[in-house]
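# Structural description and commentary
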Amino acid sequence: SSSLKPLQARGIRSMARRTANRLAPVVIACSLIVAIWQLVGQCFVNLSQPARAELTTRHGLASQEEAVSRKQALVSAAVLASGALPVQAKDLASKIADLEKEDPLPNDSGAPEKHLPQVTLSGDGGVEVVVQHVMDSAKPHYIQYMWLRDPKTDKILTAKAFEAMDKAPPTLTASLPKGTTAIPALFCNLHGLWEGDEFTV
């Protein structure tokens, strides 16, 4: 019986060591998680005023990007309604949004007589937008896009993309509900964004 006591003690010590070896990584991991959590909490509590201002600015940019995304969705819907494929509509919506960001000030480059869109209305809600502009694939110099925009909501009512080899003059036709107000717009690859006069069908 006296010889069993050292064996039992050794077995207990061995079992305790194995248990400690298994628990050590868990204890260390829990300690690290708590330490990291405390550091993260301190970072947010100790956030300086300039850092807070930067976060506010970033949030403002995110809001602008959300507005652009909503606008792209509206353009997509308008282009789909005109018979384009979904991929074409999404691509065109994205390009028009990019162009408006790229050139936020319309009518500031090029000759007005070659860039101002001219609108002709028919009694049944028909709209024809034409611009007396070349479609020159050699330079290249051409109208890339034409669209109609609601001045109150900024919603794109309809849009059309052109290629440099398309026939001149570039023309956009649409049918709008009676009472609709719109602004014709276009983008020239050399002279940027141009807008015509607001009109009501």
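So, a few notes on the structure that sits alongside this text. (Residues numbered from 1 in each chain as written. Predicted model: local features only at pLDDT ≥ 70, side-chain atom pairs only at ≥ 80, totals over all residues. Heavy atoms only, no water.)

### Structural notes on the overall build of the chain
The criterion, for reference: We count a stretch as a helix when DSSP gives it H or I for four or more residues in a row; a strand needs E for two or more, and each element gets its number in order from the N terminus. A 1.4 Å probe rolled over the protein chains alone gives each residue an accessible area, and that area as a share of the maximum for its type sets the label: buried under 20%, exposed over 50%, partly exposed in between. Any two residues whose heavy atoms approach within 4.5 Å at even a single point are treated as in contact. Surface accessibility in these figures is a Shrake-Rupley result with a 1.4 Å probe; residues are shielded only by whichever protein chains are displayed.
Each helix and strand counted, the chain has four helices and eight strands in total. In the chain, the succession of helices and strands from N to C terminus is α-α-α-α-β-β-β-β-β-β-β-β. For the chain, buried positions account for 30% of its 201 residues. The long-range share in the chain, meaning contacts at least 24 apart out of those at least 6 apart in sequence, stands at 57%. Carbon and sulfur atoms make up 59% of the accessible area of the chain, which amounts to about 13,100 Å² in all.

### Some thoughts on the pairing of strand E7 (residues 192-195)
What counts, and what does not: Here, strands pair whenever DSSP counts at least two bridges between them.
Here four bridges tie strand E6 (residues 181-188) to E7, and the two strands are oriented antiparallel to one another. Each bridged residue has a counterpart across the sheet, and for Ala185 the counterpart in E7 is Glu195. Adjacent in sequence and paired antiparallel, E6 and E7 are bridged by three residues.

### Description of the nonpolar core
Condition: By convention a nonpolar core is built from buried Ala, Val, Leu, Ile, Met, Phe, Trp, Tyr and Cys residues, the set being connected through side-chain atoms within 4.5 Å.
If you look at the biggest cluster of nonpolar residues, it comprises 20 residues, and the most contacted ones within it are Val127, Ile143, Met146, Leu148, Leu176 and Phe199. Elements supplying a minimum of two residues to this core: strand E2 (126-130), strand E3 (143-149), strand E5 (171-175) and E6. Apart from residues no more than four positions distant in its own chain, Val127 is found in contact with Val119, Thr120, Leu121, Leu148, Leu172, Thr173, Ala174, Leu176, Phe199 and Val201. In this structure, Leu92, Leu99, Ile156 and Ala159 belong to the second largest nonpolar core, which totals 10 residues.

### Here we look at the pattern of salt bridges
If the charged atoms of two oppositely charged side chains come close together, the side chains can form a pair. Quick reminder of the rule: One side-chain nitrogen of Lys or Arg within 4 Å of one carboxyl oxygen of Asp or Glu is enough to make a salt bridge.
Summed over all chains, the structure comprises two salt bridges. Where Arg149 meets Asp154, a salt bridge forms, and the shortest distance between an N and an O atom there is 2.9 Å. In this structure Asp154 comes out as partly exposed when scored by relative accessible area, which is 33%. Judged by its relative accessible area of 10%, Arg149 is buried. The structure contains a network of salt bridges with shared partners spanning Arg149, Asp154 and Glu195.

### Regarding the pairing of E3
Burial of E3 is extensive: seven of the seven residues sit out of reach of the surface. Bridge count between E3 and E6: six bridges; the pairing is antiparallel. Of the residues in E6, the one forming a bridge with Tyr145 is Phe187. Summarising the sheet, E3 and strand E4 (residues 156-161) pair through five bridges and their orientation is antiparallel. Within E4, the position partnered with Arg149 by the bridge is Ile156. Here E3 folds back onto E4 in antiparallel fashion, the turn holding six residues, of which Asp154 has a positive phi close to 65 degrees.

### Comments concerning the sheet that holds E2
Rule in force here: For helices, the axis comes from a line fit to the C-alpha atoms of the stretch in contact; other axes are also lines fit to C-alpha atoms, and the angle between any two N-to-C directions lies between 0 and 180 degrees.
Within the open sheet, the three strands sit side by side as E1-E2-E5. Their pairing is antiparallel. Each end of this open sheet is capped by a strand with a single partner; those strands are strand E1 (118-121) and E5. Neighbouring strand axes in the sheet, compared pairwise and without regard to direction, differ in orientation by 20 degrees on average. Sheet topology note: the E1/E2 ladder contains four bridges and is antiparallel.

### Overview of unusual backbone geometry
Geometrically, the link from Lys139 to Pro140 is a cis peptide bond, its omega value of -15 degrees lying close to zero. Note that Pro140 resides in the loop between E2 and E3. Residue Pro169 follows Ala168 across a cis peptide bond; omega there is -5 degrees. Considering the arrangement of structural elements, one finds Pro169 in the loop between E4 and E5. You will see that Asn107, though not glycine, has its phi angle at about 65 degrees, which is positive. Relative to the helices and strands, Asn107 is located in the loop between helix H3 (86-102) and helix H4 (112-115).

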